[in-house]
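Below, each chain spelled out in residue letters.
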Amino acid sequence: MSEEDGHTDGGIEARLDEQDVFEPPASFVEQANVTDEGIYEEFEENWPDAWERAAELIEWEEPWDRILDDSNEPFYEWFVDGKLNASYNCVDRHLDERAEEVAIEWVGEPGESRTYTYEELHREVTEFAAALYELGVGEDDVVAMYMPMIPELPIAMLACARIGAPHAVVFAGFSPDALADRMNAGDSSYLVTCDGYYRRGDPLNHIEKARSGVEKVDQDVTSVVVDRLGDERAVDLGPDEHDYDTLVQEQAGATVEPVTRDAEDMLFLMYTSGTTGEPKGVKHTTGGYLAYAAWTSHAVLDLKPEDTYWCSADIGWITGHSYIVYGPLALGTTTLMYEGTPDYPDNDRFWEICDEYDVDVFYTAPTAIRAFMKWGPEYPAAHDLSSLRLLGSVGEPINPRAWLWYYEHIGGEECPIVDTWWQTETGGMMITTLPGINDMKPGSAGPPLPGIGADVVDPSGDPVGADRAGHLVVNRPWPGMLRTLYRNDERFLEEYWREYSKSERDQWVYFPEDGAKIDADGYITVLGRVDDVINVSGHRLGTMEIESAIVGVPGVAEAAVVGGDHELKGEAVYVYLITEDGQEETDAFRDEIVAAVDEGIGPIARPEEVIFTPELPKTRSGKIMRRLLEDIASGKELGDTSTLRNPEIVGEIAEQIGGADE
Ligand code: WTA
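Note that the coordinates shown come from a computational prediction; the quantities given were computed from them, not determined experimentally.

Q: Describe the state of the cysteines, listing the residues and the values that go with them.
A: The full count for this structure, using the stated rule, is 0 disulfides. Cys 194 takes part in no disulfide bond, and the closest cysteine sulfur, belonging to Cys 160, lies 16 Å away. Classification of Cys 194 by relative accessible area gives buried; the value is 0%.

Q: An account of the packing of aromatic side chains is requested, with residue identities and associated values reported.
A: With the rule as written, the count across this model stands at 38 aromatic pairs. Measuring from ring centre to ring centre gives 5.4 Å for Tyr 496 and Tyr 510, while their planes differ by 20°; the resulting arrangement is stacked. Linking Tyr 496 in helix α18 (residues 489–496) with Tyr 510 in the loop between α19 (502–505) and β24 (514–518), this pair joins segments that are 14 residues apart in sequence. Across this residue pair, the class does not change: Tyr 496 and Tyr 510 are buried. Among the aromatic residues, those joined into a cluster by ring pairs are Phe 43, Trp 47, Trp 51, Trp 60, Trp 64, Trp 78, Phe 79, Tyr 292 and Trp 295. Geometry around Trp 106 places Arg 114 over its ring, the cationic atom sitting 5.1 Å from the centre. Residue placement shows Lys 441 over the ring face of Tyr 523; its charged tip is 4.6 Å from the ring centre.

Q: Can you break down empty space enclosed by the protein residue by residue, with the values?
A: A full pass over the atoms with the stated rule returns 5 cavities of 30 Å³ or more. Going through the elements one at a time, α15 (366–375), α17 (400–410) and β28 (556–566) are the ones with two or more residues in the lining of the largest cavity. The dominant element in the lining of the largest cavity, judged by the number of residues it contributes, is α15, at 3 residues.

Q: Outline the nonpolar core, supporting the account with residue identities and numerical values.
A: Note that soluble globular proteins tend to have their nonpolar side chains buried in a common cluster. Among the nonpolar cores identified, the biggest contains 122 residues, and Trp 51, Phe 79, Phe 128 and Tyr 326 are the most heavily contacted of them. Excluding residues that lie within four positions of it along the chain, Phe 128 makes contacts with Ala 156, Ala 159, Val 192, Val 224, Tyr 244, Leu 247 and Val 248. Listed in part, the 30 residues of the second largest apolar core include Phe 362, Ile 369, Trp 405 and Tyr 406.

Q: Go over the sheet that holds strand β5 (residues 113–117), please, and point to the residues and values.
A: If you walk across this open sheet you meet the 7 strands as β5-β4-β17-β16-β18-β19-β20, and the pairing is mixed. At either end of the open sheet lies a strand with only one pairing partner, and these are β5 and β20 (417–420). When the angles between neighbouring strand axes are averaged without regard to direction, this sheet yields 15°. Helix α14 (residues 349–356) rests against β4 (102–107), β16 (308–311), β17 (334–338) and β18 (361–364) of the sheet, and its axis sits at about 150° to β17.

Q: I'd like a description of the sheet that holds strand β11 (residues 222–226), backed by residues and values.
A: Spatial strand order, β12-β11-β8-β6-β7-β14-β15-β23: 8 strands in an open sheet with mixed pairing. Here the strands that pair on one side only, and so sit at the sheet edges, are β12 (241–243) and β23 (484–485). As paired strands, strand β7 (residues 167–169) and strand β14 (residues 266–272) are joined by 2 bridges and run parallel to one another. Paired with Ala 168 across the bridge in β14 is Leu 269.

Q: Break down the confidence of the model for the protein chain for me, citing the residues and quoting the values.
A: In the predicted model, the protein chain carries a mean pLDDT of 90, and the fraction of residues at 70 or more is 92%. Every residue in residues 1–10 scores below 50 in pLDDT, and together they form 19 contacts with partners more than four places removed in sequence or on other chains.

Q: Could you give an account of the pattern of salt bridges, with specific residues and numbers?
A: Counting across every chain of the model gives 29 salt bridges. The salt bridge involving Lys 280 is made with Glu 425; its shortest N-O contact spans 3.8 Å. Taken together, the residues span a long stretch of sequence, with Lys 280 in strand β15 (residues 280–285) and Glu 425 in the loop between β20 and β21 (454–457) at a distance of 145 residues. Given a relative accessible area of 2%, Lys 280 falls into the buried group. Classification of Glu 425 as buried rests on a relative accessible area of 6%. Salt bridges sharing common partners tie together Glu 139, Asp 140, Arg 261 and Asp 265.

Q: An account of the environment of Pro 448 is requested, with residue identities and associated values reported.
A: Inspection of the secondary structure puts Pro 448 in the loop between β20 and β21. Judged by its relative accessible area of 15%, Pro 448 falls in the buried class. The contact partners of Pro 448, leaving out residues within four places of it in the chain, are Tyr 40, Met 430, Ile 431, Ala 454, Gly 522 and Ile 524.

Q: Before we move on, can you summarise unusual backbone geometry with the specific residues and values?
A: A cis amide bond links Trp 47 with the next residue in sequence, Pro 48, at an omega value of 0°. Cis peptide bonds are those with omega within 30 degrees of zero, and the linkage from Glu 73 to Pro 74 qualifies with -5°. Of note, Pro 74 is situated in the loop between β1 (66–69) and β2 (77–80). Within the chain, Phe 79 stands out as a residue other than glycine whose phi angle is a positive 50°. Mapped onto the fold, Phe 79 is located in strand β2. Positive phi, close to 75°, is recorded for Asp 140, a residue that is not glycine.

Q: Lay out α14 with the relevant residues and their values.
A: Within α14, burial applies to Arg 349, Phe 350, Trp 351, Ile 353 and Cys 354. Two residues or fewer past α14, Asp 358 is found with a positive phi of approximately 50°.

Scoring rules and cut-offs
Residue positions are given per chain, counting from 1 as you read along its sequence in written order. Local features in a predicted model are, by the rule used here, given only for residues with pLDDT of at least 70; side-chain atom pairs are given and counted only at 80 or more, and totals for whole chains, interfaces and linings are based on all residues. Excluding hydrogens and water, the side-chain figures rest on all heavy atoms present in the structure. The criterion for a disulfide is a pair of cysteine sulfur atoms lying within 2.5 Å. Think of it in three bands: residues with accessible area under 20% of the maximum for their type are buried, residues over 50% are exposed, and the middle band is partly exposed, with areas taken using a 1.4 Å probe on protein chains only. To pair, rings of Phe, Tyr and Trp, with the six-membered ring standing in for Trp, must have centres within 6.5 Å; the planes then decide the type, stacked if under 30 degrees apart, edge-to-face if over 60, and tilted in the middle. Only DSSP runs of H or I covering at least 4 residues are called helices, and only runs of E covering at least 2 are called strands; the numbering of each starts at the N terminus. In this scheme, Lys NZ or Arg CZ marks a charge over a ring once it lies within 6 Å of the ring centre and within 35 degrees of the ring normal. Definitions used throughout: a 1 Å grid over protein atoms alone; a cavity as a set of points that fits a 1.4 Å probe which cannot get out; a pocket as an open set with protein on both sides within 12 Å along at least five of seven lines; a lining residue as one with an atom within 4 Å of a point. Grid points are joined across faces, edges and corners, and a volume is the space filled by probe spheres set on the points. Only buried Ala, Val, Leu, Ile, Met, Phe, Trp, Tyr and Cys residues count toward a nonpolar core, and they belong to the same one when joined by side-chain atoms within 4.5 Å. Throughout, a contact is declared for two residues whenever any of their heavy atoms are within 4.5 Å. The pairing criterion for strands is at least two bridges between them, as found by DSSP. In this analysis, axes come from line fits to C-alpha atoms, helices being fitted only over the stretch in contact, and the angle between any two N-to-C directions falls in the range 0 to 180 degrees. Residue-level confidence of the predictor is what pLDDT reports, using numbers from 0 through 100. By definition here, a salt bridge exists when the distance from a side-chain nitrogen of Lys or Arg to a carboxyl oxygen of Asp or Glu is within 4 Å.

Structure (structure tokens):
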């Protein structure tokens, strides 16, 4: 393959070999929000009081009495007795100076766009808040939302925040059953949803999914339905269903004062998956969460009010909550929302949007970056991306080769990249470089943020030392932390704290269930969930680490590594591989993969089998179903595949393995 076709780029590997540390570009540093290295020390010396810095980014009706109450560990409380409203902070307080500035810039997949200034956002949030009151929603009622990327989703969230009703957003790609489970768990009697949305040019019917979900909800449900598709699909609403536009029009000009919320009052619930099948209702609060989202948006994303900022996540996940809605709007920034996929109508859609809206800061996931790599650099090259100042990555480890591609082809080698490690439970970013201060090491997220205590420990809780894999732990509380699992304090303790509870270590330690290693400079490389760690002949290996070695091989588009049962070794490494267009699926190529693993990790990680596949089995949210791949590798009975986006692939892969055995 030639360099021009974009599938291989000899320059990238060469560069990674000779340079593994990148300094932040001077042009970025000059204008960065945070540039004083002393901030790390300041937080150490003045902890927890230094967290005032975060709280001062937002406006309080009444100041807090104490920064942190740790009298009932690990049920910490932050900014104790402070009073505020999140909707006020994200909308009203910008009206004096930024009423005419754009709050939300929305781009629909078919090409239309909508713009909400802060004044327009204020009006619609207020009117919908009045409508929610009219429907009977009261303070502390949990309102479920089941919506794709349309402006009414953040508007509904902010309307709820205004009246003190926590929202529970369910990703629109989830099934009706998943919606029902979450509504039952949260006792929600209210749902905001829509008729449909566009995906790769087709209008999808969403209301049908919402309705069949509602049928399985134990309590009576009142729904609000946004008309996204217009004439494309006329929907007759039932007696418990209300048209969003009509409700808002009925409240035209209404005023609804933001209710005063205690710092520790619940802002929202976000359901996420755990070790059991039952989703965990992660509870976030008003003061600590909002301060933390605003602070990390300021310090890490470097957001300024005049920026146009785009996070390509879906608001149905925590990344969208913290870094499309609450963080950027708290800072008065313009936040861009895009409804569709990156490959519609063509593979340059994202770059077309960055170009057209002069996006300053762009935040996406490694899985997207890998797709862009596969499509080739000609797509970004066709657009002017010079407005970009900073790039971000979140959600999974980013392998150095993808990092460098992002750095070169999207950032033009002039934008720092922040590789941000965090979780639904942490509320905001925890481990990342500060882009105006720290050098970047591709593949490593960086040091814990100022004030965040993180370490890598062995099973007994002792630090493992430099460059050795272990369990990531967070050994100090932080304002954005989850407060509990909804109505399940016991599970909260069990899942996150028991493993390293105070009785054993004299310190409460939060356990994120990730594997990691830490280098001599204190940079943390996250290796993936510890449930993905495999044990080969008594050696613990991170499947993510092996993948990273493999996806560095030219010709590899995507790889998934899992452990399969092995008679002698306990577990063995299985590699599922998607090749790039034009790469032949030969034994010679298999040998290259094996050699890359030998080289990157060592012969101990040498794959048992390399299985070529056109796709990996993925959940609807895009996560690779590793368990299923493990079961296939182990020749086990396959469990339920109905939650997959592409269930048909499972049979295809299993057949190949069966064939390989013969
Ligand atoms: C993984 C998403 C490596 C990690 C914000 C974590 C990452 C899980 C990174 C949380 C990163 C997230 N590098 N791994 N920069 N960011 N993860 O709750 O395994 O959807 O535990 O939150 O994603 O996923 P969640």
